[in-house]
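Residues per chain are reported as follows:
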Amino acid sequence: NAGVTQTPKFRILKIGQSMTLQCTQDMNHNYMYWYRQDPGMGLKLIYYSVGAGITDKGEVPNGYNVSRSTTEDFPLRLELAAPSQTSVYFCATLPGLGWETQYFGPGTRLLVL
Amino acid sequence: DAKTTQPNSMESNEEEPVHLPCNHSTISGTDYIHWYRQLPSQGPEYVIHGLTSNVNNRMASLAIAEDRKSSTLILHRATLRDAAVYYCILRDYQGAQKLVFGQGTRLTINP
(Lines give C-alpha, C1' and ligand atoms only; values in the text may rest on other atoms or scores of the structure.)
Protein backbone atom coordinates (compact mmCIF):
# COMPACT_ATOMS: atom_id res chain seq x y z
CA ASN A 1 0.00 0.00 0.00
CA ALA A 2 1.97 2.99 -1.29
CA GLY A 3 -0.46 5.69 -0.13
CA VAL A 4 -0.01 8.92 -2.09
CA THR A 5 2.75 9.02 -4.66
CA GLN A 6 3.92 12.07 -6.59
CA THR A 7 6.17 12.29 -9.61
CA PRO A 8 8.57 13.80 -10.39
CA LYS A 9 10.35 14.62 -7.13
CA PHE A 10 12.11 17.60 -8.66
CA ARG A 11 11.95 19.42 -11.97
CA ILE A 12 13.47 22.51 -13.56
CA LEU A 13 11.35 24.22 -16.19
CA LYS A 14 12.08 27.10 -18.50
CA ILE A 15 9.63 30.00 -18.65
CA GLY A 16 6.79 29.17 -21.03
CA GLN A 17 7.25 25.40 -20.90
CA SER A 18 4.46 23.12 -19.77
CA MET A 19 4.41 20.04 -17.61
CA THR A 20 2.13 17.72 -15.68
CA LEU A 21 2.65 16.86 -12.04
CA GLN A 22 1.38 13.38 -11.32
CA CYS A 23 -0.47 12.28 -8.20
CA THR A 24 -1.65 8.72 -7.67
CA GLN A 25 -3.28 7.10 -4.65
CA ASP A 26 -4.09 3.47 -3.94
CA MET A 27 -6.37 4.01 -0.94
CA ASN A 28 -9.61 4.46 -2.92
CA HIS A 29 -10.11 7.89 -1.37
CA ASN A 30 -12.77 10.06 -2.97
CA TYR A 31 -11.36 13.49 -2.21
CA MET A 32 -8.07 14.73 -3.64
CA TYR A 33 -6.31 18.07 -3.33
CA TRP A 34 -3.42 20.00 -4.82
CA TYR A 35 -1.56 22.51 -2.65
CA ARG A 36 1.45 24.66 -3.27
CA GLN A 37 3.91 25.84 -0.64
CA ASP A 38 6.18 28.80 -1.20
CA PRO A 39 9.33 29.14 0.94
CA GLY A 40 8.57 29.89 4.59
CA MET A 41 4.83 29.88 4.02
CA GLY A 42 1.91 27.61 4.72
CA LEU A 43 0.21 25.55 2.03
CA LYS A 44 -2.33 27.09 -0.33
CA LEU A 45 -5.04 25.12 -2.09
CA ILE A 46 -4.89 25.14 -5.90
CA TYR A 47 -7.62 22.70 -6.97
CA TYR A 48 -9.55 19.87 -5.43
CA SER A 49 -11.79 17.01 -6.46
CA VAL A 50 -14.56 15.26 -4.53
CA GLY A 51 -14.71 12.32 -6.91
CA ALA A 52 -13.96 11.15 -10.43
CA GLY A 53 -15.20 13.66 -12.97
CA ILE A 54 -15.65 16.46 -10.41
CA THR A 55 -13.09 19.22 -9.85
CA ASP A 56 -13.22 22.73 -8.43
CA LYS A 57 -10.96 25.71 -7.87
CA GLY A 58 -9.20 26.42 -4.63
CA GLU A 59 -7.58 29.61 -3.42
CA VAL A 60 -4.85 29.97 -6.12
CA PRO A 61 -5.99 28.22 -9.35
CA ASN A 62 -4.62 30.67 -11.95
CA GLY A 63 -2.05 29.11 -14.26
CA TYR A 64 -3.08 25.52 -13.46
CA ASN A 65 -5.53 22.93 -14.73
CA VAL A 66 -6.61 19.57 -13.35
CA SER A 67 -8.60 16.55 -14.40
CA ARG A 68 -9.95 13.54 -12.50
CA SER A 69 -10.88 10.74 -14.85
CA THR A 70 -10.25 7.97 -12.29
CA THR A 71 -10.40 7.69 -8.51
CA GLU A 72 -6.66 6.97 -8.37
CA ASP A 73 -5.17 9.82 -10.42
CA PHE A 74 -5.34 13.59 -10.08
CA PRO A 75 -2.78 15.24 -12.39
CA LEU A 76 -1.97 18.95 -12.17
CA ARG A 77 -1.11 20.70 -15.45
CA LEU A 78 1.00 23.84 -15.81
CA GLU A 79 0.51 25.21 -19.32
CA LEU A 80 2.86 28.21 -19.49
CA ALA A 81 5.32 28.05 -16.64
CA ALA A 82 6.20 31.31 -14.91
CA PRO A 83 8.81 32.06 -12.19
CA SER A 84 5.94 32.72 -9.77
CA GLN A 85 5.08 29.02 -10.00
CA THR A 86 8.39 28.04 -8.42
CA SER A 87 7.18 26.17 -5.37
CA VAL A 88 6.76 22.80 -3.72
CA TYR A 89 3.55 21.06 -4.76
CA PHE A 90 1.75 18.63 -2.49
CA CYS A 91 -1.05 16.28 -3.36
CA ALA A 92 -3.36 15.09 -0.59
CA THR A 93 -6.30 12.71 -0.22
CA LEU A 94 -9.24 12.24 2.13
CA PRO A 95 -11.43 9.13 2.30
CA GLY A 96 -14.66 11.10 2.08
CA LEU A 97 -17.12 13.43 3.76
CA GLY A 98 -16.69 13.58 7.51
CA TRP A 99 -13.29 11.88 7.69
CA GLU A 100 -10.69 13.62 9.79
CA THR A 101 -7.33 13.05 8.21
CA GLN A 102 -5.89 14.29 4.94
CA TYR A 103 -2.98 12.17 3.71
CA PHE A 104 -0.20 14.03 1.96
CA GLY A 105 2.26 12.92 -0.65
CA PRO A 106 5.99 13.67 -0.44
CA GLY A 107 5.80 16.67 -2.75
CA THR A 108 7.24 17.82 -6.07
CA ARG A 109 9.78 20.63 -6.04
CA LEU A 110 9.46 22.82 -9.13
CA LEU A 111 11.90 25.49 -10.20
CA VAL A 112 10.98 27.78 -13.11
CA LEU A 113 13.86 29.73 -14.61
CA ASP B 1 -12.74 30.38 6.55
CA ALA B 2 -12.06 31.22 10.17
CA LYS B 3 -8.51 32.30 10.94
CA THR B 4 -6.00 31.04 13.47
CA THR B 5 -3.06 32.87 15.04
CA GLN B 6 0.08 31.08 16.16
CA PRO B 7 3.54 32.24 17.28
CA ASN B 8 6.05 32.13 14.44
CA SER B 9 8.56 30.06 16.38
CA MET B 10 9.15 28.29 19.67
CA GLU B 11 12.07 26.49 21.19
CA SER B 12 12.24 23.74 23.78
CA ASN B 13 14.61 21.14 25.16
CA GLU B 14 14.60 17.44 24.52
CA GLU B 15 12.50 15.35 26.92
CA GLU B 16 10.63 18.40 28.21
CA PRO B 17 6.94 19.13 27.61
CA VAL B 18 6.02 21.61 24.88
CA HIS B 19 2.86 23.71 24.79
CA LEU B 20 2.03 25.16 21.38
CA PRO B 21 -0.72 27.81 21.56
CA CYS B 22 -3.30 28.74 18.95
CA ASN B 23 -5.89 31.53 18.99
CA HIS B 24 -9.08 31.21 16.97
CA SER B 25 -11.43 33.87 18.29
CA THR B 26 -13.78 33.71 15.26
CA ILE B 27 -14.34 29.96 15.46
CA SER B 28 -17.87 28.86 14.58
CA GLY B 29 -19.87 26.21 16.33
CA THR B 30 -19.25 23.62 13.61
CA ASP B 31 -15.49 24.16 13.24
CA TYR B 32 -13.22 21.39 14.43
CA ILE B 33 -9.71 22.27 15.59
CA HIS B 34 -7.11 20.29 13.70
CA TRP B 35 -3.35 20.16 14.13
CA TYR B 36 -0.95 19.03 11.45
CA ARG B 37 2.81 19.08 11.49
CA GLN B 38 5.35 19.23 8.70
CA LEU B 39 8.74 17.66 9.23
CA PRO B 40 11.62 19.05 7.14
CA SER B 41 11.28 18.23 3.43
CA GLN B 42 8.06 16.26 3.94
CA GLY B 43 4.36 16.74 3.42
CA PRO B 44 2.18 17.66 6.40
CA GLU B 45 0.94 14.87 8.64
CA TYR B 46 -2.11 14.78 10.88
CA VAL B 47 -1.47 15.10 14.61
CA ILE B 48 -4.78 15.47 16.44
CA HIS B 49 -8.17 17.14 16.30
CA GLY B 50 -11.02 18.05 18.63
CA LEU B 51 -14.30 19.94 18.91
CA THR B 52 -14.95 20.86 22.53
CA SER B 53 -13.36 18.35 24.89
CA ASN B 54 -9.68 17.77 25.48
CA VAL B 55 -8.24 14.95 23.39
CA ASN B 56 -5.32 12.58 23.75
CA ASN B 57 -3.65 10.27 21.29
CA ARG B 58 -0.28 8.58 20.97
CA MET B 59 1.34 11.66 19.47
CA ALA B 60 0.00 14.52 21.56
CA SER B 61 -2.77 16.05 23.64
CA LEU B 62 -5.09 18.87 22.66
CA ALA B 63 -6.45 21.21 25.31
CA ILE B 64 -9.39 23.35 24.17
CA ALA B 65 -10.50 26.42 26.08
CA GLU B 66 -14.04 26.41 27.43
CA ASP B 67 -15.08 29.24 25.06
CA ARG B 68 -13.25 27.47 22.19
CA LYS B 69 -11.43 30.66 21.25
CA SER B 70 -8.03 29.13 21.87
CA SER B 71 -6.37 25.74 22.09
CA THR B 72 -3.01 24.28 23.01
CA LEU B 73 -1.19 21.34 21.48
CA ILE B 74 0.85 19.53 24.10
CA LEU B 75 3.82 17.30 23.33
CA HIS B 76 4.49 15.56 26.63
CA ARG B 77 8.16 14.68 26.13
CA ALA B 78 9.65 16.33 23.08
CA THR B 79 12.24 14.47 21.06
CA LEU B 80 14.51 15.75 18.31
CA ARG B 81 12.15 14.12 15.81
CA ASP B 82 9.39 16.50 16.92
CA ALA B 83 11.21 19.45 15.37
CA ALA B 84 8.76 20.62 12.72
CA VAL B 85 6.32 23.33 11.70
CA TYR B 86 3.02 22.85 13.52
CA TYR B 87 -0.19 24.12 11.94
CA CYS B 88 -3.41 24.82 13.81
CA ILE B 89 -6.34 24.68 11.37
CA LEU B 90 -10.09 25.13 11.72
CA ARG B 91 -12.06 22.72 9.61
CA ASP B 92 -15.74 22.57 8.83
CA TYR B 93 -16.76 19.01 7.98
CA GLN B 94 -19.22 20.13 5.33
CA GLY B 95 -18.51 20.62 1.66
CA ALA B 96 -15.04 20.08 0.26
CA GLN B 97 -13.36 19.43 3.62
CA LYS B 98 -10.63 21.91 2.75
CA LEU B 99 -7.71 22.72 5.04
CA VAL B 100 -6.66 26.38 5.22
CA PHE B 101 -3.05 26.59 6.38
CA GLY B 102 -1.55 29.59 8.14
CA GLN B 103 2.18 30.03 8.59
CA GLY B 104 2.32 27.74 11.60
CA THR B 105 4.80 27.58 14.47
CA ARG B 106 8.32 26.39 13.79
CA LEU B 107 9.35 24.26 16.76
CA THR B 108 13.05 23.82 17.49
CA ILE B 109 14.14 21.12 19.93
CA ASN B 110 17.50 21.50 21.62
CA PRO B 111 19.43 18.33 22.59
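Right above here is the structure, for reference.
Thresholds, definitions, all that
Residues numbered from 1 in each chain as written. Chains lettered and ligands numbered in written order. Predicted model: local features only at pLDDT ≥ 70, side-chain atom pairs only at ≥ 80, totals over all residues. Heavy atoms only, no water. Helix = DSSP H or I, 4+ residues; strand = E, 2+ residues; numbered from the N terminus. Contact = heavy atoms within 4.5 Å. Areas by Shrake-Rupley, 256 points an atom, 1.4 Å probe, with all protein chains shown as cover. Lys, Arg positive; Asp, Glu negative; His and termini not counted. Charge placed at Lys NZ, Arg CZ, Asp CG, Glu CD. Disulfide = S-S within 2.5 Å. Buried < 20%, exposed > 50% of the residue type's maximum accessible area, 1.4 Å probe, protein only. Salt bridge = Lys/Arg side-chain N within 4 Å of Asp/Glu carboxyl O. Polar contact = N/O pair within 3.5 Å; in protein donor to acceptor, adjacent residues only side chain to side chain. Pairing = 2+ DSSP bridges. Axes fitted to C-alpha atoms, helices over the stretch in contact; angles between N-to-C directions. Buried area = accessible area lost by both parts, 1.4 Å probe. Nonpolar A, V, L, I, M, F, W, Y, C, P; charged D, E, K, R; others polar. Patch = residues over 30% accessible without salt bridge, like charges linked within 9 Å, V, L, I, M, F, W, Y side chains within 5 Å.

Caption draft 1: Quick look at the overall build of chain A. Scanning chain A from terminus to terminus reveals 0 helices and 11 strands. Helices (α) and strands (β) of chain A occur, in sequence order from the N terminus, as β-β-β-β-β-β-β-β-β-β-β. C-alpha extents for chain A along the principal axes are approximately 40 × 25 × 25 Å. A sequence separation of at least 24 residues applies to 54% of the contacts in chain A between residues at least 6 apart. With an accessible surface of roughly 5,400 Å², chain A has 53% of that area assigned to carbon and sulfur atoms. With 9 positive and 8 negative side-chain charges, chain A shows a spacing of 12 Å between the two charge centroids.

Caption draft 2: Up close: the state of the cysteines. All names here are of chain B. Using the criterion set out here, one finds 2 disulfides over all chains in the structure. With its sulfur 2.1 Å from that of its partner, C22 forms a disulfide with C88. With the S-S dihedral at roughly -80°, the linkage between C22 and C88 falls on the left-handed side. With C22 in strand 2 (residues 18-23) and C88 in strand 8 (residues 84-92), the pair connects residues that are 66 residues apart, well separated along the chain. Take C22 and C88: they sit in the same class, and that class is buried.

Caption draft 3: Quick peek at the pattern of salt bridges. According to the stated counting rule, one finds 5 salt bridges over all chains in the structure shown. Ionic pairing is found between R36(A) and D38(A), a salt bridge with its closest N-O pair at 2.8 Å. Shared partners join several salt bridges into a network, and the residues in it are R37(B), E45(B) and D82(B).

Caption draft 4: How the structure looks around the side chain of T105(B). Residues and elements named next belong to chain B. Position of T105 among the secondary structure elements: in strand 9 (residues 105-110). Within polar-contact distance, the side chain of T105 engages the side chain of Q6 at 3.4 Å. What T105 contacts, discounting residues up to four positions off in sequence, is Q6, P7, N8, S9, M10, L20, A84, V85 and Y86.

Caption draft 5: Local environment of the sheet that holds strand 8 of chain B. Residue and element names in this part refer to chain B. Taken in spatial order, the 5 strands line up as 1-9-8-3-4 in an open sheet, and their pairing is mixed. Among the strands making up the open sheet, the edge pair consists of strand 1 (9-13) and strand 4 (45-50). Within this sheet the neighbouring strands show an average axis-to-axis angle of 25°, counted without direction. Pairing geometry for strand 3 (residues 31-38) and strand 4, over 5 bridges, is antiparallel. Looking at strand 4, one finds that I33 is bridged to G50.

Caption draft 6: Summary view of the environment of G3(A). Residues and elements named next belong to chain A. If you trace the backbone, G3 turns up in the segment before strand 1 (4-7). Separated by 79 residues in the primary sequence, G3 and A82 place their C-alpha atoms 30 Å from one another. Filtering out sequence-adjacent residues up to four positions away, G3 remains in contact with T24, Q25, D26 and M27.

Caption draft 7: Expanded view of the interface of chain B and chain A. At the interface, 21 residues of chain B touch 22 residues of chain A. A combined buried area of about 1,600 Å² lies between chain B and chain A, and 57% of that area is made up of carbon and sulfur atoms. At the boundary of chain B and chain A, one finds 4 residue pairs in polar contact (both at pLDDT 80 or more). If you list the elements that add at least two residues to the side of chain B that touches chain A, you get strand 3, strand 4 and strand 8 of chain B. Top element by residues in the side of chain B that touches chain A is strand 3 of chain B. It accounts for 3 residues. Among the residues forming the side of chain B that touches chain A, the class breakdown is 8 nonpolar, 11 polar and 2 charged.

Caption draft 8: Molecular detail of a nonpolar patch on the surface. On the surface, a nonpolar cluster with roughly 310 Å² of combined accessible area is contributed by F10(A), I12(A) and L113(A). Considering the arrangement of structural elements, one finds L113(A) in the segment after strand 11 (108-112).

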